[in-house]
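Structural description and commentary
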Amino acid sequence: QSLAFDRNFLRHQITPILRQRWPTMDRRLATTAAIMDDTQRLLQQVAAEDLALIVGLSEESKRLPMAPLLALTIERRHNLLRYWLAQQRVPAADHALMQRIDTELLSSARDGQPCLVLGDWCLRRHDGQLLLLPWQRLQNSPAPEHDQPQSNWQVKFTPQHVSAQQIELPLG
């Protein structure tokens, strides 16, 4: 009941005045919410299609090729990036973050090594790809034992690795 909280203040002080002035307000707000929900689903469908065109059928990819990403309009690119990051369980990406991705990663110098930290993840650009990598928050703390560099890695190559020009290292 405390009016110190914004939501309670709106509910108890502002909303009754708005309802008095506009009696159909609740119905109109419900309609607007339904339209926004439909729009969000449509944006997710478009993003899923764009992602499939860019990386193929594997939506679990932790990398996006930059050339087709940059070929999209800025609105579609931001929609795709939000969808892709959400698929990877990265915290919600707002407009300011999309602007930072554009300026700090996609538009930075080719020889730069930009890194944008997003919670437990880091976005990097390398070799024409936008990469999503795990990030260790406390750079000064010792890494867990399994994250210590290993000098004795054993990597097995398959013909698929060679044809795809990919090497998968232990621990990702």
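Just so it is clear, the structure is predicted and the values come from calculations on it, not from any experiment.

What follows is about the overall build of the chain. A tally of regular secondary structure across the chain gives 6 helices and 4 strands. In the chain, the share of contacts with a sequence separation of at least 24, taken over all contacts with a separation of at least 6, comes to 36%. Accessible surface, the chain as shown: approximately 12900 Å² in total, 55% of it carbon and sulfur.

Spatial strand order, S1-S4-S3-S2: 4 strands in an open sheet with antiparallel pairing. Lying at the two open borders of the sheet, with one neighbouring strand each, are strand S1 (63-65) and strand S2 (115-118). In this sheet, adjacent strand axes meet at a mean angle of 20° when their direction is disregarded. In terms of strand pairing, strand S3 (residues 121-126) meets strand S4 (residues 129-134) through 6 bridges, oriented antiparallel. Note on S4: the bridge partner recorded for Arg-124 is Leu-131.

Our next topic: the pattern of salt bridges. For the structure on display, the rule yields 6 salt bridges. Two residues, Asp-26 and Arg-19, come together in a salt bridge whose shortest N-O distance is 2.9 Å. Across the pair Arg-41 and Asp-38 runs a salt bridge, and its minimum N-O distance is 2.7 Å. Taken together, the residues Arg-41 and Asp-38, both in helix H2 (residues 25-55) and 3 residues apart, mark about one turn of the helix. Arg-41 sits in the partly exposed class, given a relative accessible area of 43%. Linked by salt bridges that have partners in common, Asp-37, Asp-38 and Arg-41 make up one network.

Turning our eyes to something else, we now look at the state of the cysteines. In total, this model carries 1 disulfide according to the counting rule given. Two residues share a disulfide in this structure: Cys-115 and Cys-122, whose sulfurs sit 2.3 Å from each other. Looking at Cys-115, the relative accessible area reads 28%, which means it is partly exposed. Cys-122 gets classed as buried once you look at its relative accessible area, which sits at 1%.

Looking at the element boundaries, Leu-51 is found in helix H2. Since its relative accessible area comes to 0%, Leu-51 is described here as buried. The sequence separation of Leu-51 and Trp-84 amounts to 33 residues, and the corresponding C-alpha distance is 7.6 Å.

Before going further, it helps to spend a moment on the layout of surface pockets. Take a probe with the size of a water molecule and roll it over the atoms, and the empty space left behind shows itself. By volume, the second largest pocket is sized at about 300 Å³. Taken together, 16 residues line the second largest pocket, and the ones lying closest to its centre are Arg-110, Gly-112, Arg-125, His-126 and Asp-127. Secondary-structure elements contributing two or more residues to the lining of the second largest pocket are S3 and S4. For the lining of the second largest pocket, the element with the most residues is S3, which contributes 3 residues. Residues of the lining of the second largest pocket, tallied by class, amount to 6 nonpolar, 5 polar and 5 charged.

Here is what the cut-offs are and how they apply
- Residue numbering note: each chain is counted from 1, following its sequence as written.
- Given that this is a predicted model, residues contribute local features only at a pLDDT of at least 70 and side-chain atom pairs are listed and counted only at 80 or more, while totals for whole chains, interfaces and linings are drawn from all residues.
- With hydrogens and water excluded, all non-hydrogen atoms of the structure serve as input to the side-chain values.
- Only DSSP runs of H or I reaching four residues or more are called helices, and only runs of E reaching two or more are called strands; each is numbered from the N terminus.
- When checking whether two residues touch, look at their non-hydrogen atoms; a contact exists if any pair is within 4.5 Å.
- Per-residue and other accessible areas were derived by the Shrake-Rupley procedure at a 1.4 Å probe size, with only the shown protein chains allowed to occlude residues.
- One requirement defines pairing of two strands: DSSP has to find at least two bridges between them.
- Helix axes are fitted to C-alpha atoms over the stretch in contact, other axes to C-alpha atoms as well, and angles between N-to-C directions run from 0 to 180 degrees.
- Here, a salt bridge means any Lys or Arg side-chain nitrogen found within 4 Å of an Asp or Glu carboxyl oxygen.
- The buried label applies to any residue whose accessible area, calculated with a 1.4 Å probe on protein chains only, is under 20% of its type's maximum; exposed applies above 50%, and partly exposed to all values in between.
- Criterion for a disulfide: a pair of cysteine sulfur atoms within 2.5 Å.
- The method works on a 1 Å grid over the protein atoms by themselves. A cavity is a set of points holding a 1.4 Å probe that cannot get out, a pocket is an open set with protein on both sides within 12 Å along at least five of seven lines, and residues with an atom within 4 Å of a point line them.
- Grid points are joined across faces, edges and corners, and a volume is the space filled by probe spheres set on the points.
- Note on residue classes: Ala, Val, Leu, Ile, Met, Phe, Trp, Tyr, Cys and Pro are nonpolar, Asp, Glu, Lys and Arg are charged, and everything else, Gly too, is polar.

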